[in-house]
Amino acid sequence: MEKLICYSIGDGQNINFWNQPWHPDGTLVNLITDSSLFTNISRNANVNDILQGGIWGPILNLPQLHVLKSTIDKAILNLGNSNEVIWKPKDDGKFSIKSAWNSSSEKIPKPPWTLSVWFPSAIPKHAFTCWQALWGRLLTADRLIRMGIQALPYCPLCTHGSESINHLFFRCAYSKWIWHSILTKLNIRRRVKDITDEETWIRDHCRGKSAFAMAIKLLWHASIYFIWFERNSRIHSNSRSHKQQVLQNILHTVKIKLIFLQNEDELGTPNPICSNLFNLSNQHNQKAQRWCYWKKPPLGKVKINSDASLTAGNAGIGGIVRNHEGIGIRFFSLNVEVEAIHLLELKAILQGVVMASKNHLRNIWVESDSQTAVNIILKKYQCPWRAISTLAKLNIILSDMESWEISHSWREANTVADYLSKIDCPFKGEDMVLGLAHSPIQQVIDMDSIGTLYQRM
Ligand SMILES: [Zn+2]
C-alpha cells in the first residue's frame, strides 16, 4: 500500500523526512540500513529542513545518501501550496475503492481494515495516519528504541505509560478521554479498548453510507490524526494543547467535512444525534440547510476577496487581501462609474490583483461571488466586448504572477469585500493598509479566520 501513496511537497512542513513517503523510492526509514545517519539528519527532521527555497541542502551529498540523491529530482514539488497525499494509481491523485482494488489484487496483502481506512469520503492525510497506526508504522518510542535510536520512553500525553501504538490509541488516559467523549456525544456507551478492538467494532457497526456510519469513521480517523499530531507537537515543538481543544479540533474538522458531503448530496439522512452534533439537516422534504465558510489560502499565498455593489445610480467596488492565517493585509474601497454588475465585478477583481502586484504579492488566490466574472476569466464564458480591456489588463498582470487561481465564493463567505464595496463604506482608498481594528468589519475578518460557518440563504 505504501508504494501507492506519496506526498506532493508544498511547504514541506509536517512531512517527516525519514518516516513519510515523499521520496519517489518510498519511505526513507525503510530504505536505509545505516542508523548513524540520524546524527546527520535528525529523525525528527521535516522535509522543509532539507529543502529550502526549492533547493535540496548540501547534506544530501553524504555518500550514504547517494542512492536517494540520484532519484530525488522525481519528488513532486508543489511549492507554495499545501502538502497533499497523492493516490498514485489514479491520474487525478484521488483515492477510489475501485483503483485500490485493482492495484491491490496481487501486489499488496489486504488486511481486514482496508475498507474502514480507505473509503471514498475519507480525508486522505487522516486515513494515511490511521493506516500507519494500524500497520504499526508510526515511529513511537518503543519502535525507535528497538531500532537502536534514543527516545524518551514515556508517553508525552499522559507522562505515565510507556509509549507504543496501543498505549497512544487508546489506553492512554489522555487519548482514551478524547475517544470516549466522542462516543458519548454519539450516544454510544461502551468501554474503550485499544486500536485494533476499536477498529473491529467500527468495521462491524459502521457498514454502509449512512450519515451516522460516515460520521463515526471520519471521527475515528480524525482522532488518530489529531492525537498523533498533538504527540508530535509536544515532542518536536514543545507546544501543548488541552485534550478539550484537541476534541474541538476533531469535531470541527469532521463537521466541515460532513457539511461539505451533505452539500454535495453524498451523505445519507442523518439521525437526530448526528444532525444536532454537526448542524446537519435531517428534513426529508425540505431543502437541506447549506453552509459555507471562508477558506484560508495556503502558506506562501494570499487570498483576494473582491465584490461590487450597485444601488440606485451609485456603484462601488471593494476588496481585501489576507494571508494564510486569515489576517488582513491591504484593502481597497472605491466609488466608480455605474456599469453592468458583472463588469463592476471584473473591475473589482482587477483592482484587487493590481493592489497585490504593487505590494509584490505574487502568489494569489482570487475569490469573487460573481460566478459570471469567474467564468469569464477562466474563459468558460465569452468575454463581453465591454469587458475586453479590463480582461486584457487583468491577463497581463496575472501572467506576471508566480501563481494564481480564481474561484467562486458564496456571498455569505464574502461579507468583508461586500462591506468594502458599499458606497457608504467609511474607509475609502485604492491601496490601504488594513487598520480597521475598531471597525465592526474586523469582527467578520476574525470570524472568517477561525472557519466560522455561515448559513447560505
Ligand atoms: Zn499516555
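Everything that follows concerns the structure shown earlier in this document.
All values reported here derive from a predicted model rather than from experimental measurement.

Chemist: Can you lay out the overall build of the chain for me, pointing to particular residues and giving the numbers?
Modeler: Per the secondary structure count, the chain includes 18 helices and 13 strands. Radius of gyration (C-alpha) of the chain: 25 Å, near the 23 Å computed for a compact globule of 457 residues. Principal axes of the C-alpha set define a box for the chain whose edges measure 75 × 60 × 45 Å. For the chain, with 457 residues in total, the buried portion stands at 33%.

Chemist: Account for the sheet that holds strand 9 (residues 328-336), naming residues and giving values.
Modeler: Neighbouring strands of a sheet are bound in pairs by backbone hydrogen bonds; such pairs are parallel or else antiparallel. The six strands are arranged 11-10-7-8-9-12 in an open sheet whose pairing can be described as mixed. Bordering the open sheet on either side are strand 11 (403-408) and strand 12 (429-433), each of which pairs with just one other strand. Between one strand and the next, the sheet's axes are offset by a mean angle of 15 degrees, whatever the strand orientation. Sheet topology places strand 9 next to strand 12; three bridges connect them, and they run antiparallel. Paired with arginine 330 across the bridge in strand 12 is valine 433. The sheet contacts of helix 14 (residues 341-358) involve strand 7 (302-311), strand 8 (314-322), strand 9, strand 10 (363-368) and strand 12, and relative to strand 7 the element is tilted by about 145 degrees.

Chemist: Outline the pairing of strand 7, listing residues and values.
Modeler: The element strand 7 is extensively covered by neighbouring structure, given that eight of its ten residues are classed as buried. Where strand 7 meets strand 10, five bridges bridge the pair, whose relative direction is parallel. Pairing of lysine 303 across the sheet is with tryptophan 365, part of strand 10. A loop of two residues connects strand 7 with strand 8, the two strands running antiparallel in sequence, and alanine 312 in this loop sits at a positive phi of about 35 degrees.

Chemist: Explain the pairing of strand 5 (residues 84-87) residue by residue, including any values.
Modeler: The alternating pattern of strand 5 places Val85 and Trp87 on a buried face, while none of Glu84 and Ile86, on the opposite face, is buried. Alignment of strand 1 (residues 5-9) against strand 5, held across four bridges, turns out to be antiparallel. When the sheet's bridge partners are listed, isoleucine 5 is paired in strand 5 with tryptophan 87.

Chemist: Give a description of the packing of helix 14 against helix 16 (residues 388-399) that names residues and reports values.
Modeler: Helix 16 packs onto helix 14 with a crossing angle of 30 degrees between their chain directions and a minimal axis gap of 10 Å. As summarised for this structure, helix 14 and helix 16 are arranged roughly parallel, according to the angle between their axes. In this structure, helix 14 meets helix 16 at a crossing whose hand is left-handed. Together, Leu346, Lys347, Ile349, Leu350, Val353, Val354 and Ser357 of helix 14 and Thr390, Leu391, Lys393, Leu394, Ile397 and Leu398 of helix 16 make up the contact between the two elements. In terms of residue class, the contact of helix 14 with helix 16 is made up of nine nonpolar, two polar and two charged.

Chemist: Run through the sheet that holds strand 1, naming residues and quoting values.
Modeler: The strand order across the open sheet formed by three strands is 4-1-5, and the pairing between neighbours is mixed. Of all the strands in the sheet, just strand 4 (76-77) and strand 5 have a single pairing partner and so form its edges.

Chemist: Lay out the environment of leucine 267 in plain terms, naming residues and giving numbers.
Modeler: On the secondary structure map, leucine 267 appears in the loop between helix 12 (243-263) and helix 13 (272-278). On the basis of neighbour counts, which here come to 24 C-beta atoms within 10 Å, the residue leucine 267 falls in the buried class. Placed 62 residues apart in sequence, leucine 267 and histidine 205 show a C-alpha to C-alpha distance of 17 Å. With sequence-adjacent residues up to four places away left out, leucine 267 is seen in contact with Ala211, Met214, Leu258, Leu261 and Gln262.

Chemist: Can you tell me about unusual backbone geometry, naming the residues and giving the values?
Modeler: Across the junction of phenylalanine 169 and phenylalanine 170, the peptide omega takes the value 0 degrees, indicating a cis bond. Mapped onto the elements of the fold, phenylalanine 170 is located in helix 8 (residues 165-171). Within the chain, asparagine 238 stands out as a residue other than glycine whose phi angle is a positive 60 degrees. Within the element layout of this structure, asparagine 238 appears in the loop between helix 11 (211-237) and helix 12.

Chemist: So what's going on with helix 18 (residues 440-449)? Which residues, and what values?
Modeler: When helix 18 is considered as a whole, its buried residues turn out to be Ile441, Ile445 and Asp448. The arc enclosing the buried residues of helix 18, seen along the axis, measures out at 60 degrees, which places them on a common side. Exposed side chains of helix 18 directed beyond 90 degrees from the buried face belong to Pro440 and Gln443. Among the structural elements, strand 9 and helix 17 (415-421) are those in contact with the buried residues of helix 18. Downstream of helix 18 by one or two residues, glycine 451 has phi in the positive range, about 80 degrees.

Chemist: Please set out helix 12 residue by residue, giving values where relevant.
Modeler: Its 21 residues place the ends of helix 12 30 Å apart at the C-alpha level, agreeing with the 30 Å of an ideal helix rising 1.5 Å per residue. Residues of helix 12 that are buried in the fold lie against helix 9 (173-185), helix 11, helix 13 and strand 6 (291-292). Count one or two residues on from helix 12 and you reach aspartate 265, which has phi positive near 55 degrees.

Chemist: Give me the lowdown on the environment of asparagine 14, citing residues and values where you can.
Modeler: Position of asparagine 14 among the secondary structure elements: in the loop between strand 1 and helix 1 (28-31). In the structure, asparagine 14 is positioned 33 residues away from valine 47 in sequence and 7.8 Å away in space, judged by C-alpha atoms. Excluding residues that lie within four positions of it along the chain, asparagine 14 makes contacts with Asn46 and Asn83.

Chemist: Talk me through the environment of alanine 45; I want residue IDs and the actual numbers.
Modeler: In this fold, alanine 45 is placed in the loop between helix 1 and helix 2 (47-50). Using a count of 17 C-beta atoms within 10 Å as the deciding quantity, one classes alanine 45 as partly exposed. Note: C-alpha distance between alanine 45 and tryptophan 18 (27 residues apart in sequence) is 7.6 Å. Sequence-distant contacts of alanine 45, that is, excluding residues within four places in its chain, are made with Phe17 and Ile50.

Rules used in this analysis
- Residues numbered from 1 in each chain as written.
- Predicted model: local features only at pLDDT ≥ 70, side-chain atom pairs only at ≥ 80, totals over all residues.
- Helix = DSSP H or I, 4+ residues; strand = E, 2+ residues; numbered from the N terminus.
- Rg over C-alpha atoms; globule rule 2.2 N^0.38 Å.
- Buried ≥ 20, exposed ≤ 12 C-beta atoms within 10 Å, placed from the backbone.
- Pairing = 2+ DSSP bridges.
- Axes fitted to C-alpha atoms, helices over the stretch in contact; angles between N-to-C directions.
- Contact = placed C-beta atoms within 7 Å.
- Parallel < 35°, antiparallel > 145°, perpendicular 65-115°, else oblique.
- Left-handed = near helix turned anticlockwise from the far one by under 90°.
- Nonpolar A, V, L, I, M, F, W, Y, C, P; charged D, E, K, R; others polar.
- Arc of directions from axis to C-beta.
- Expected span 1.5 Å × (residues − 1).

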